[in-house]
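# Breakdown of the fold
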Amino acid sequence: MTTATPQLSLYNTLTRTKAPFVPMDEKNVRLYACGPTVYDFAHIGNGRAAIVFDLLFRVLRHVYGPDHVTYVRNITDVDDKINARALRDHPDLPLNEAIRRVTETTAAQYQKDVAALGCLEPTMQPRATENIAEMQAMIQRLLDKGHAYQAGGEVLFAVDSMPEYGRLSGRNLEDNLAGARVAVDTHKRNPADFVLWKLSSAEEPGWDSPWGRGRPGWHIECSAMSERYLGETFDIHGGGLDLIFPHHENEIAQSRCAHGSHAMANVWMHNGFLQVEGQKMSKSLGNFFTIHDLLETEAFGGRAWPGEVLRLAMLMTHYREPIDFSQRRLEEAVNLLEKWERAVGDAEPSVHLPAEYFDRLADDLDTPAAIARIHALVMDEGKAAEGLALADLMGLRIKRDVEVDTAVPSLVAARLAALNAKDFAEADRIRAELAEQGIALMDYKDEAGQRATKWEVKR
């Protein structure tokens, strides 16, 4: 990090404080974020997490250099929900083949969706099924050290073997016992103990292991993959607030106990929840939207929304705050991007972003303040290049030199003639044709009181 670059500060869920970020090695800054479980298309809440940690990846690359940051985002492709989806969608195929069909399709769609949201490709995207040996090795270490045991056909982690269990979530063991999502089974020594390995039936996917043919528990997957690609202890671990307990709490327990280390990750970062039009997103309420829905269909607000609009709408709220995902918010993002595009004209981004324009992002990714900074810069004709550079750093695509079909002006004139001739069907046909090209029309009366039309390129 150069002396001219503002100090990067991040909020750490583990310590509940914001503090200067000091990497373990400035030449190899390491970030892990929990990726998708690919049993279905990713919803817009998953999109928020992808955008937040893509932004962090971009900021770290800006501070430490692109060659000195490693970003790992896993793909969970073994899961009971995946099994159920495979049986539902491909009942005539052998289960393993059916599972591969589901995960290949949904994983490919996820990559397409997050790319449309402006996300860079992570350094590595390991699949759970490609790291079974690493998971088994970690489970064996936990057994050897007395942190795990076999019972009821499962290998389980003994939570009372780790005195600091619950530190991330702020829950003590009694809270965990009473909390939701803790399965109570008679074979467990402690009701809060969780599965590391479970046996598979003949109809379920499985791998041979010292404990019988089976499959891994959810939590062990991330512990094993992060160790393999980032080491026993690394810099930053990210995910949504809903993952703090039990997933991230259990990751910490497994990793620290397997390695005897002081930490799994030094900084834990979590993005806030997402509501849709003021309500929790759920299929029962009819407000459950996938990224694909929003990008490609008219399911929300009667239109499809470009990826840069969705990204800006997300970044208009600080990543740790809850977000109300609404049509009004998306329209605000559209209007803001269009203002910027009109203001910058054919300007190009500055090659170097002055340090004083990066300071808001350096303060725990304060994106609302950074967006306000972009706006001030691009609306100042002499600083548009710096505004574009900051927008590019945030992954916000501001279109420049928009090409318009040369036939547009004549079509606008033809529609106006049709209106004056009261040929409304033809006028509507031309309006629809222009709308398909992204052209919006605004009818008005000129100074002489005659009908006139303005047009502009819309998103």
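Located above this text is the structure these notes cover.
Just so it is clear, the structure is predicted and the values come from calculations on it, not from any experiment.

Before going further, it helps to examine the side chain of asparagine 74. Secondary-structure assignment places asparagine 74 in the loop between strand E4 (69-73) and helix H2 (80-89). Reaching out from asparagine 74, the side chain makes a polar contact with the side chain of tyrosine 32 at a distance of 3.3 Å. Engagement of the side chain of asparagine 74 in a polar contact is seen with the backbone nitrogen of glycine 35, the distance being 2.8 Å. Sequence-distant contacts of asparagine 74, that is, excluding residues within four places in its chain, are made with Tyr32, Ala33, Cys34, Gly35, Pro36, Pro126, Cys222 and Met225.

On the basis of which strands lie adjacent, the open sheet formed by four strands has the order E5-E6-E7-E8 and antiparallel pairing. Both edges of this open sheet fall to strand E5 (148-151) and strand E8 (214-216), since each of them pairs with a single strand only. Between one strand and the next, the sheet's axes are offset by a mean angle of 25 degrees, whatever the strand orientation. Against the sheet, helix H4 (residues 132-144) makes contact with E5, strand E6 (154-157), strand E7 (194-199) and E8, and its axis sits at roughly 120 degrees relative to E7, the strand it touches most.

Time to look at the nonpolar core. Core analysis: the largest hydrophobic core is formed by 74 residues, its most contacted members being Leu60 and Trp340. Per-element accounting of this core gives the leading share, 12 residues, to helix H1 (residues 44-64). When residues no more than four places from it in sequence are discounted, the contact partners of tryptophan 340 are Leu312, Ile371, Ile374, His375, Val378, Leu396 and Ile398. Among the nonpolar cores identified, the runner-up in size contains 40 residues, and Val155, Phe157, Leu196 and Ala224 belong to it.

Conventions and cut-offs
Residues numbered from 1 in each chain as written. Predicted model: local features only at pLDDT ≥ 70, side-chain atom pairs only at ≥ 80, totals over all residues. Heavy atoms only, no water. Helix = DSSP H or I, 4+ residues; strand = E, 2+ residues; numbered from the N terminus. Polar contact = N/O pair within 3.5 Å; in protein donor to acceptor, adjacent residues only side chain to side chain. Contact = heavy atoms within 4.5 Å. Pairing = 2+ DSSP bridges. Axes fitted to C-alpha atoms, helices over the stretch in contact; angles between N-to-C directions. Core = buried A, V, L, I, M, F, W, Y, C linked by side-chain atoms within 4.5 Å. Buried < 20%, exposed > 50% of the residue type's maximum accessible area, 1.4 Å probe, protein only.

Keep in mind that these numbers describe shape and distance, not what the molecule does.
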